[in-house]
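Descriptive analysis of the structure
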Amino acid sequence: MSAHFADRLAAAIADRECPVCLGLDPRFAWLPRCLRESAGRAGSPSEPDPRAAARAIGEFGRALIDGLADVVPACKFQIAFYEALGADGIRTLEETVARAKAKGLIVISDAKRGDIESTAEAYARAHLGATSPDADAWTGLDADALTVSPFPGMDTLAPYLAYCRTAGKGLFVLVKTSNPGSADFQDLDVCGEPLYQHIARKLQPLAERYRGHSGLSSIGAVVGATYPEHARRVRQVLPDSFFLVPGIGPQGGTAEAAAAAFRDDGRGALVSASRAVLYAFRDEPYATRFGEDGFVKASREAVLNLAQQVRHALRGRP
């Protein structure tokens with residue numbers, strides 16, 4: 001059996017002293033000009049040829065992974081941006097995931113899958129299954145963890161849990177997402193308590209069952225940095241779960257808000273930084289210091305600065 005997911009993630013965070021995850025949300029039109037030009041489509045970034053766009057996105061992801069692997073513990077792939085490019089995008093995804101794993105990074109597939117159990121079995125295999133040694137057989141992306149939706153019901157989590165038991169994989173279940181519209185359903189009062197709290201309570205027995213030697217569970221929750229009070233309430237229900245914390249930066253979340261998702265001991269959460277890190281070269285102070293050609297250096301410094309801000313926020317918590 002592979003090592004417990006939460007134990008591996010906790011160890012990687014401690015080793016790098018960095019609770020920040022590199023989120024890969026690659027958009028061709030936002031890539032550095034040098035990569036768009038090398039793809040031969042600099043003149044039409046809004047409608048790139050899928051093969052050229054996939055090639056440029058692959059170069060972008062691999063460069064960032066190579067440049068940041070020693071400072072971040074994990075890499076989160078937003079699957080939609082690769083799927084949007086069709087078969088070429090999927091091939092790029094596979095290659096980039098393999099690069100991240102070869103560099104020792106924990107890989108999170110951010111696909112937010114959710115469907116009836118029979119379909120969930122296929123989703124679980126696609127994202128958490130391991131690539132076969134047989135070159136003619138492909139059995140999965142071999143991500144270390146997957147984001148999933150609980151909306152269809154708790155029974156639909158069963159196929160994913162099988163991979164947690166037998167292959168050391170992890171889950172991040174959508175509990176309170178970072179977007180403003182999350183309140184439409186997740187904050188609805190259900191028998192005197194918001195729906196997101198009900199989801200957290202349903203997850204609690206599973207989380208307890210999947211705790212590792214670190215005391216942390218491989219059954220985690222997605223809780224946005226844009227809702228710190230919600231994060232505190234969910235943490236009361238799920239004291240031992242890892243929280244994946246998106247929403248910092250352009251969505252309005254701050255390091256101080258993200259700190260609300262952590263346990264009192266400063267562990268148990270992974271802050272996901274995507275646009276704020278990937279495209280740091282576009283904004284000051286990094287744009288002047290590094291320029292587009294220095295996009296890896298800009299992203300590296302942005303990650304280090306964000307990690308420092310989160311650590312400072314954790315020290316300043318009451």
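Just above sits the structure.
Thresholds, definitions, all that
- Residues numbered from 1 in each chain as written.
- Predicted model: local features only at pLDDT ≥ 70, side-chain atom pairs only at ≥ 80, totals over all residues.
- Heavy atoms only, no water.
- Phe/Tyr/Trp six-rings, centres within 6.5 Å; stacked < 30°, edge-to-face > 60°.
- Helix = DSSP H or I, 4+ residues; strand = E, 2+ residues; numbered from the N terminus.
- Buried < 20%, exposed > 50% of the residue type's maximum accessible area, 1.4 Å probe, protein only.
- Lys NZ or Arg CZ within 6 Å of the ring centre and 35° of its normal.
- Arc of directions from axis to C-beta.
- Pairing = 2+ DSSP bridges.
- Axes fitted to C-alpha atoms, helices over the stretch in contact; angles between N-to-C directions.
- Contact = heavy atoms within 4.5 Å.
- Polar contact = N/O pair within 3.5 Å; in protein donor to acceptor, adjacent residues only side chain to side chain.
- Core = buried A, V, L, I, M, F, W, Y, C linked by side-chain atoms within 4.5 Å.

Turning to the packing of aromatic side chains, a few remarks are in order. Going through the model one piece at a time under the given rule, you end up with 7 aromatic pairs. Between F5 and F172, the ring centres sit 5.9 Å apart and the planes meet at 80°, which makes this aromatic pair edge-to-face. Here F5 is found in helix α1 (residues 5-16), whereas its partner F172 is found in strand β5 (residues 170-176), with 167 residues between them in sequence. Judged by relative accessible area, F172 falls into the buried class, the value being 1%. Ring centres of F77 and Y82 lie 6.1 Å apart, and the angle between their planes is 50°; on these two criteria the pair is classed as tilted. What makes Y82 buried here is its relative accessible area of 1%. Aromatic rings pair up to connect W30, F60, Y279, F281 and F295 into one cluster. If you follow R235 out to its NZ or CZ, it ends over the ring of F243, 3.8 Å from the centre.

Time to look at helix α10 (residues 228-237). Among the residues making up α10, those that are buried are H230, A231, V234, R235 and V237. Along α10, the residues classed as buried sweep out an arc of 155° about the axis, all on the same side.

Pairing is parallel in the closed barrel, where 8 strands are placed in the order β1-β2-β3-β4-β5-β8-β9-β10. The mean angle between the axes of side-by-side strands here comes to 30°, regardless of whether they run parallel or antiparallel. Direction of pairing for strand β9 (residues 241-245) relative to strand β10 (residues 269-273): parallel, over a ladder of 3 bridges. What sits directly across from V245, in β10, is V271. Lying on the sheet, helix α6 (residues 117-128) is in contact with β3 (106-113), β4 (145-148) and β5; it crosses β3 at an angle near 155°. Against the sheet, α10 touches β5, β8 (217-223) and β9, its axis set at about 165° to β9.

Burial along β4 is two-sided: the face carrying A145 and T147 and the face carrying L146 and V148 are both buried. In this sheet, β4 lies alongside β3 in parallel orientation, the contact comprising 3 bridges. Each residue of the ladder has a partner; that of I108, found in β4, is A145. Pairing geometry for β4 and β5, over 4 bridges, is parallel.

We now examine the environment of R233. Mapped onto the elements of the fold, R233 is located in helix α10. Considered as a pair, R233 and Q197 are 36 residues apart in the sequence and their alpha carbons are 7.7 Å apart. Dropping the residues within four chain positions of it, R233 is found in contact with Y196 and Q197. Here the side chain of R233 touches Y196 through a polar contact of 3.0 Å, side chain to side chain.

Turning our attention to the side chain of D240. Mapped onto the elements of the fold, D240 is located in the loop between α10 and β9. Reaching out from D240, the side chain makes a polar contact with the side chain of R211 at a distance of 3.0 Å. Residue contacts for D240: discarding those within four places in its chain leaves R211, G215, L216, S217, R235 and R263.

As a further point, take the nonpolar core. By size, the foremost hydrophobic cluster in this structure holds 87 residues, and its most contacted members are F77, Y160, L171, I219, L238 and F243. Once residues lying within four places of it in the same chain are set aside, the contact partners of Y160 are R113, A120, Y123, A124, L128, L146, V148 and L171. Grouped together as the second largest cluster of nonpolar side chains are 18 residues, A10, I108, L216 and L270 included.

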